[in-house]
Amino acid sequence: MIQGFFSATVGAQQQMQRMNVQANNIANVNTYGFKNEKPSFEALMYGMVDGIDGAQLPRGSGTRMVSAATDFRDAAVEETGRDQDYAIVGDGFFALYEPSTGEVSFTRDGSFTAAQFQVANEEGEMEVRYFLSDGSGRQVLNGSGYPIEMGEDLTAEQPVGVFAVQYRDGLLHLDGGRFQTTAKSGNIYLQNSDVLRGYLETSNVDLGTELGKVIEAQRSYSYALRMATTADEVESTILNLPNG
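Cut-off values and rules
- Residues numbered from 1 in each chain as written.
- Predicted model: local features only at pLDDT ≥ 70, side-chain atom pairs only at ≥ 80, totals over all residues.
- Heavy atoms only, no water.
- Salt bridge = Lys/Arg side-chain N within 4 Å of Asp/Glu carboxyl O.
- Helix = DSSP H or I, 4+ residues; strand = E, 2+ residues; numbered from the N terminus.
- Buried < 20%, exposed > 50% of the residue type's maximum accessible area, 1.4 Å probe, protein only.
- 1 Å grid on protein atoms, 1.4 Å probe; cavity = no way out; pocket = protein on both sides within 12 Å on 5 of 7 lines; lining within 4 Å.
- Points joined across faces, edges and corners; volume = space filled by probe spheres on them.
- Nonpolar A, V, L, I, M, F, W, Y, C, P; charged D, E, K, R; others polar.
- Contact = heavy atoms within 4.5 Å.
- Core = buried A, V, L, I, M, F, W, Y, C linked by side-chain atoms within 4.5 Å.
- Expected span 1.5 Å × (residues − 1).
- Polar contact = N/O pair within 3.5 Å; in protein donor to acceptor, adjacent residues only side chain to side chain.
- Phe/Tyr/Trp six-rings, centres within 6.5 Å; stacked < 30°, edge-to-face > 60°.

> What should I look at first to understand the pattern of salt bridges in this one?
Close approach of charged atoms allows side chains with opposite charge to pair. With the rule as written, the count across this model stands at 13 salt bridges. Where aspartate 85 meets arginine 82, a salt bridge forms, and the shortest distance between an N and an O atom there is 2.7 Å. Linking glutamate 210 and lysine 213 is a salt bridge whose minimum nitrogen-to-oxygen distance equals 4.0 Å. Here the residue glutamate 210 and the residue lysine 213 both occupy positions in helix H2 (residues 207-239), the gap between them amounting to three residues, near one helical turn. For glutamate 210, a relative accessible area of 1% translates into the label buried. Judged by its relative accessible area of 22%, lysine 213 falls in the partly exposed class.

And the structure:
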């Protein structure tokens, strides 16, 4: 089978992967703290074939999407007026602690709320207390790395911590606007960025740009399928040529 068929089918498959990234960006255009992702491609293995007059021509199987790089640029902040909404001015992330697993994740979405958690008191008995939470069962950490237990006034400003990640490119993008550190992330340290209470950072996705990229990916997908069809027709024609 001619090489063009393989290159075309790989191209169509990878354009589908690209559209998945852009569809996720569009779906989160109104998600607070969400960071846009950009697909990155690399060439697959290439060889050289002899062309006219000894020219060396590249031959291979196209390209593939190797990663979706995150655009960490700040977005505009929006006033909400809610007591437990926070927006970071500058670099850094809020830290979220998952009590059931001990997992710590990071986010720019500061839409927090007061939530009830069962904790053990000094006598070892379980009692209900209020902690600052992301609303999904995770607790917000303060600047010392501890969950923020709220007092009797649930509308009071809380000491939310802001943390910096040494190598942001090493962060793994989880659901929505959350990130998790990996071995490539480096050290985590306290960040001296200002925090605005009653504000939230919006998504940095540009809807017009993403729609343009979707159209581009759709056309590339269509061209790849046309190339695969043409390659199949060429091979069929060659195979059906009369002998002699």
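> In this structure, what is going on with the layout of surface pockets? I would like to understand it.
One water molecule sets the probe size; rolling that probe over the atoms shows where empty space is left. Of the volumes computed, that of the largest pocket is approximately 180 Å³. What lines the largest pocket is a set of 13 residues, among which Thr107, Asp109, Asp134, Arg138 and Arg178 lie closest to the centre. Taken together, the residues of the lining of the largest pocket sort by class into two nonpolar, six polar and five charged. If you add up the space inside the second largest pocket, you get close to 160 Å³. Along the walls of the second largest pocket sit Glu37, Ser67, Ala68, Ala69, Thr70, Phe72, Arg168, Asp169, Leu171, Leu172 and His173, which together make up its complete lining. Those elements that provide at least two residues to the lining of the second largest pocket are strand S4 (63-70) and strand S13 (172-173). Per element, the largest residue contribution to the lining of the second largest pocket is four residues, and it comes from S4. Of the residues belonging to the lining of the second largest pocket, the class tally is five nonpolar, three polar and three charged.

> What is the right way to look at the side chain of serine 133 in this model?
Note on placement: serine 133 falls in strand S10 (residues 126-133). Take serine 133: its relative accessible area is 1%, and that puts it in the buried class. When neighbours within four sequence positions are excluded, serine 133 is seen to be in contact with Phe112, Thr113, Ala115, Phe117, Arg138, Gln139 and Val140.

> Would you mind going over the nonpolar core with me for this structure?
It is characteristic of soluble globular proteins that their nonpolar side chains tend to be buried jointly. Counting residues in hydrophobic clusters, the biggest one holds eleven residues: Tyr86, Ile88, Phe94, Leu96, Phe112, Leu132, Val140, Ile148, Met150, Val160 and Val162. Secondary structure elements with two or more residues in this core: strand S6 (86-89) and strand S7 (94-97). Not counting chain neighbours up to four residues away, the residues in contact with valine 140 comprise Ala95, Leu96, Phe112, Leu132, Ser133, Asp134, Tyr146, Pro147, Ile148 and Val160. Listed in part, the nine residues of the second largest apolar core include Phe93, Phe106, Val165 and Leu171.

> Help me understand H2, please; the structure alone is not making it clear to me.
In an α-helix, one turn spans 3.6 residues; hence positions three or four apart end up facing the same way. With 33 residues, H2 ought to run about 48 Å at 1.5 Å a step, and its terminal C-alpha atoms sit 48 Å apart, in line with that. For H2, the full list of buried residues reads Glu210, Val214, Ala217, Ala224, Ala228, Ala231 and Glu235. Two or three places before glycine 208, at the opening of H2, aspartate 206 has a side-chain oxygen 3.4 Å from that residue's backbone nitrogen.

> What is the right way to look at empty space enclosed by the protein in this model?
Applying the stated criterion across every chain yields a total of one cavity of 30 Å³ or more. What the largest cavity holds in volume is close to 50 Å³. Lining the largest cavity are Lys35, Phe72, Asp74, Gly90, Asp91, Gly92, Phe93, Arg108 and Arg168. Counted by class, the lining of the largest cavity contains two nonpolar, two polar and five charged residues.

> Any chance you could explain the packing of aromatic side chains here in plain terms?
Remark: the centre distance and the inter-plane angle together describe each pair of aromatic rings, the angle taken between the planes. Applying the stated criterion to the full structure yields seven aromatic pairs. Aromatic pair phenylalanine 72 and phenylalanine 93: ring centres 6.0 Å apart, planes at 90 degrees, arrangement edge-to-face. With phenylalanine 72 in the loop between S4 and strand S5 (77-79) and phenylalanine 93 in the loop between S6 and S7, this residue pair connects regions lying 21 residues apart in the sequence. The pair formed by phenylalanine 72 and phenylalanine 93 is uniform in burial state, with each residue classed as buried. With a centroid separation of 5.2 Å and an interplanar angle of 80 degrees, the aromatic rings of phenylalanine 94 and phenylalanine 112 are classed as edge-to-face. Here the residue phenylalanine 94 occupies a position in strand S7, and phenylalanine 112 occupies one in the loop between strand S8 (104-107) and strand S9 (113-120), the gap between them amounting to 18 residues. As far as burial versus exposure is concerned, phenylalanine 94 and phenylalanine 112 are alike and both buried. Members of the aromatic cluster, each reached through a chain of ring pairs, are Phe72, Phe93, Phe106 and Phe179.

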